[in-house]
Amino acid sequence: IAFNSIQIYNSNNKYTRIISKSYKSVVAIDVPIAPGIIGLGTGFFISSDGYILTAGHVIVPNEHKYKVHLSAAQTYNDITSKKSIEFDADLIAVDYFSDLAVLKINYKTPFFKFIVKDIQIGTEVFTVGHPLSLIWSASTGIISGFNRELLPYKYDDLIQTTTPINGGSSGSPL
């Protein structure tokens, strides 16, 4: 079998088209858990000047410096490469109540443009992240509910999805 002749990219697959355009906007975030122990979170660019949105629970209290990794792959076909470019990131803001945080690196980059329209229960969605330290993985699912409330945190108006979100995926775009 000639493995180098296998074509990974199929332009007729809607997920492949979307993911191939978005993977360079997703970053891996090193999360210091304990001395010598690093966890992994996910974030994504929300502006071309290096602002990254992630989950607030990815951020360690009183930690203001993070390492962020961008894919070094030049094409989507090479995304399985573990090569990455590392940047120092500063914590700009964290809101643990809303579970959101913003980091900043000094880098010009592509970013996600949020287009939200006609979303309803059953709408297909996907996420790109780093579940269980499996770098640049994609998962699909559907919107399964609206206006959900998460107790005891008093979050409300949440969107529920069937998309698998595991440790390391926290902060992934949906």
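Thresholds applied
- Residues numbered from 1 in each chain as written.
- Predicted model: local features only at pLDDT ≥ 70, side-chain atom pairs only at ≥ 80, totals over all residues.
- Heavy atoms only, no water.
- Helix = DSSP H or I, 4+ residues; strand = E, 2+ residues; numbered from the N terminus.
- Contact = heavy atoms within 4.5 Å.
- Areas by Shrake-Rupley, 256 points an atom, 1.4 Å probe, with all protein chains shown as cover.
- Buried < 20%, exposed > 50% of the residue type's maximum accessible area, 1.4 Å probe, protein only.
- pLDDT = per-residue confidence, 0-100.

**Describing the overall build of the protein**
And then number 1: Per the secondary structure count, the protein includes one helix and nine strands.
And then number 2: Starting at the N terminus and ending at the C terminus, the protein contains elements arranged as α-β-β-β-β-β-β-β-β-β.
And then number 3: Considering only contacts within the protein whose residues lie at least 6 apart along the sequence, 57% involve residues at least 24 apart.
And then number 4: Of the roughly 10,800 Å² that the protein leaves accessible, carbon and sulfur atoms contribute 56%.

**Concerning unusual backbone geometry**
And then number 1: A positive phi angle is found at Asn62, which is not glycine, with a value near 70°.
And then number 2: With respect to the element layout, Asn62 can be found in the loop between β3 (51–55) and β4 (65–71).
And then number 3: Residue Asn62 is classed as exposed on the basis of its relative accessible area of 73%.
And then number 4: Positive phi, close to 60°, is recorded for Asp99, a residue that is not glycine.
And then number 5: Looking at the element boundaries, Asp99 is found in the loop between β5 (84–95) and β6 (100–104).
And then number 6: Assessed through its relative accessible area of 22%, Asp99 is described here as partly exposed.

**Concerning the confidence of the model for the protein**
And then number 1: Mean pLDDT over the protein stands at 79; residues scoring 70 or higher make up 82%.
And then number 2: Ranking the elements of the protein by mean pLDDT puts helix α1 (residues 14–22) last, at 73, and β6 first, at 95.
And then number 3: A low-confidence stretch, residues 1–9 (pLDDT under 50), is modelled with six contacts involving residues beyond four sequence positions or located in other chains.

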